[in-house]
Amino acid sequence: MSIKHIGPRPRQRVRGVSLIEVIIFILIVGIAAGGILMVFASTTRASADPLIRKQALAIAESLLEEIRLMPFTFCDTDDPAVTTATSPAGCATPEVMGPEAGETRYAALTPFDNVNDFNGFAMAGGILDITNTTITGLSAYSAAIAITPIVFVGIVATEAQQITITVTGPGNITVTLDGIRTRHAPHPAHTQCTAPACAESNEAITARGFTLIELITAMVLTGILAAVAAVFLRVPISGYFDIARRAALTDIADLAVRRFGRDVQTALPNSVRVAGACNGGRPAISNTSKCAREAATARNHPAALRSARARVPTQTPCRSARPIPAFAASVQCPIWPPS
């Protein structure tokens, strides 16, 4: 025998979440959502980046080509010793970093005439040509140029210069392009660099492989980055393929409608019938179109029609080509001609 407890049952203890737990949960979700939204925002901004970056790169390349075509001599081009001096000591007007007094990029009589003259040059209100005219479509871009001596593959710093061009486009998108200009002639007889900096530069071009640990680390990091990228790229890629499939189906349906319309327009009078699924799923075809063709033949070639009927005596002659009611097609297959 079992004894049942009579009376109010004891309450079960129900425990919720504390305020601290709610705050921690909100913080974690907010941080995660913020990271995801930042990725989407950067992706949206980067959708227009290729065009801006390509234009900025084209501007930087054109400026770099303009500078590299300039002379790189110890003397100013107006100096009589410009083609013979092998050091600044042999010049009456030695070249210095920056333009000489009165020289500008846009001047017709005293333009920039040396690589050094472009050091510190900038275009802030749009990209200008050599006639000081703003180029159409490039008013939102700016450029800055810096020229610095550099030790380049065993060439001393006085014989090589690094050209750095920074172009900034809309949305604060920046492209930086570097180039090297070396002195061709005249130059001193001894240009081989023996300083420690030159030795480091020569060793820098020595090919070096990688270890197994570096390879494994690179593979692991690449896999992690690929997995993270796949999570964010899956939905846009799936949407792209869905749009492509819908577009293909729309094109097929439009082509079918156009063909139906063309067939209906070119059909004989009273030859089109709306019928149900008859003869194994095929629409019922009445004898009206045949009768219409025979009527046309009788008007144009009566003798040919009588000869054709004489050869087929058992054929039922066409009667009045009256239309079949539309509701009859949904009940049974139309029988034509009627008995």
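Residues numbered from 1 in each chain as written. Predicted model: local features only at pLDDT ≥ 70, side-chain atom pairs only at ≥ 80, totals over all residues. Heavy atoms only, no water.

### Regarding the overall build of the chain
Logical step 1: When its secondary structure is counted, the chain shows 7 helices and 6 strands.
Logical step 2: Long-range pairs, those at least 24 residues apart, make up 50% of the contacts in the chain between residues at least 6 apart in sequence.
Logical step 3: When the accessible area of the chain is evaluated, it comes to approximately 24200 Å², of which 65% is carbon and sulfur surface. (Helix = DSSP H or I, 4+ residues; strand = E, 2+ residues; numbered from the N terminus. Contact = heavy atoms within 4.5 Å. Areas by Shrake-Rupley, 256 points an atom, 1.4 Å probe, with all protein chains shown as cover.)

### Comments concerning the nonpolar core
Logical step 1: Ranked by size, the top nonpolar core spans 27 residues in total, and within it Ile67, Tyr141, Ile165 and Val167 carry the most contacts.
Logical step 2: Sort the elements by how many residues they give to this core and helix H2 (residues 49–68) lands first, with 7 residues.
Logical step 3: Once you skip the residues sitting within four places of it in the chain, isoleucine 165 turns out to touch Ala60, Leu63, Leu64, Ile67, Ala144, Ile145, Val175, Thr176 and Leu177.
Logical step 4: By size, the runner-up hydrophobic cluster in this structure holds 6 residues, among which are Phe74, Cys75, Val82 and Ala85. (Core = buried A, V, L, I, M, F, W, Y, C linked by side-chain atoms within 4.5 Å. Buried < 20%, exposed > 50% of the residue type's maximum accessible area, 1.4 Å probe, protein only.)

### Examining unusual backbone geometry
The general pattern is negative phi for most residues beyond glycine and trans for most peptide bonds.
Logical step 1: A positive phi angle, close to 65°, is found at asparagine 132, a residue other than glycine.
Logical step 2: By the secondary structure assignment, asparagine 132 is in the loop between strand E1 (122–123) and strand E2 (142–149).

### Concerning the pairing of E2
Logical step 1: Of the strand pairs in this sheet, E1 and E2 are connected by 2 bridges, and their pairing is antiparallel. Bridge pairing in E2 links methionine 123 to alanine 143.
Logical step 2: Pairing of E2 with strand E3 (residues 160–169), which is carried by 8 bridges, proceeds in the antiparallel orientation. For alanine 143, the partnering residue across the bridge sits in E3 and is valine 167. (Pairing = 2+ DSSP bridges.)

### A few points about the state of the cysteines
Logical step 1: One pass over the full model with this rule turns up 1 disulfide.
Logical step 2: Covalent S-S linkage joins cysteine 75 and cysteine 91, the inter-sulfur distance amounting to 1.7 Å. Torsion about the S-S bond of the cysteine 75 and cysteine 91 cystine: about -75°, corresponding to left-handed handedness. Residue cysteine 75 is located in the loop between H2 and E1, and its partner cysteine 91 is located in the loop between H2 and E1; the two are separated by 16 residues in the primary sequence. Here cysteine 75 and cysteine 91 have matching classes, each one buried. (Disulfide = S-S within 2.5 Å.)

### Describing the environment of glutamine 55
Logical step 1: Mapped onto the secondary structure, glutamine 55 falls in helix H2.
Logical step 2: Judged by its relative accessible area of 31%, glutamine 55 is partly exposed.
Logical step 3: Distance in space between the C-alpha atoms of glutamine 55 and leucine 138 is 8.7 Å, their sequence separation being 83 residues.

### Observations concerning the confidence of the model for the chain
A low pLDDT score tells you not to read the predicted coordinates there in detail.
Logical step 1: In the predicted model, the chain carries a mean pLDDT of 74, and 66% of its residues have values of at least 70.
Logical step 2: Predicted confidence in the chain is weakest over helix H7 (residues 326–331), with a mean pLDDT of 41, and strongest over E2, with 93.
Logical step 3: pLDDT under 50 marks residues 277–289. Its contacts with residues more than four places away, or in other chains, come to 22 contacts.
Logical step 4: Below a pLDDT of 50 lies the segment residues 312–339, which in the model reaches 33 contacts outside its immediate sequence neighbourhood of four places, other chains included. (pLDDT = per-residue confidence, 0-100.)

### Quick word on the packing of aromatic side chains
Logical step 1: Tallied over the full model, the rule gives 5 aromatic pairs.
Logical step 2: A centroid spacing of 5.9 Å and a plane angle of 85° characterise the contact between phenylalanine 112 and phenylalanine 121, whose relative ring orientation is edge-to-face.
Logical step 3: What makes phenylalanine 112 buried here is its relative accessible area of 8%.
Logical step 4: With a centroid separation of 5.5 Å and 70° between ring planes, the pair formed by tyrosine 240 and phenylalanine 241 is classed as edge-to-face.
Logical step 5: If you follow arginine 183 out to its NZ or CZ, it ends over the ring of phenylalanine 72, 4.2 Å from the centre.
Logical step 6: Against the face of phenylalanine 74 rests arginine 183, its NZ or CZ located 3.6 Å from the ring centre. (Phe/Tyr/Trp six-rings, centres within 6.5 Å; stacked < 30°, edge-to-face > 60°. Lys NZ or Arg CZ within 6 Å of the ring centre and 35° of its normal.)

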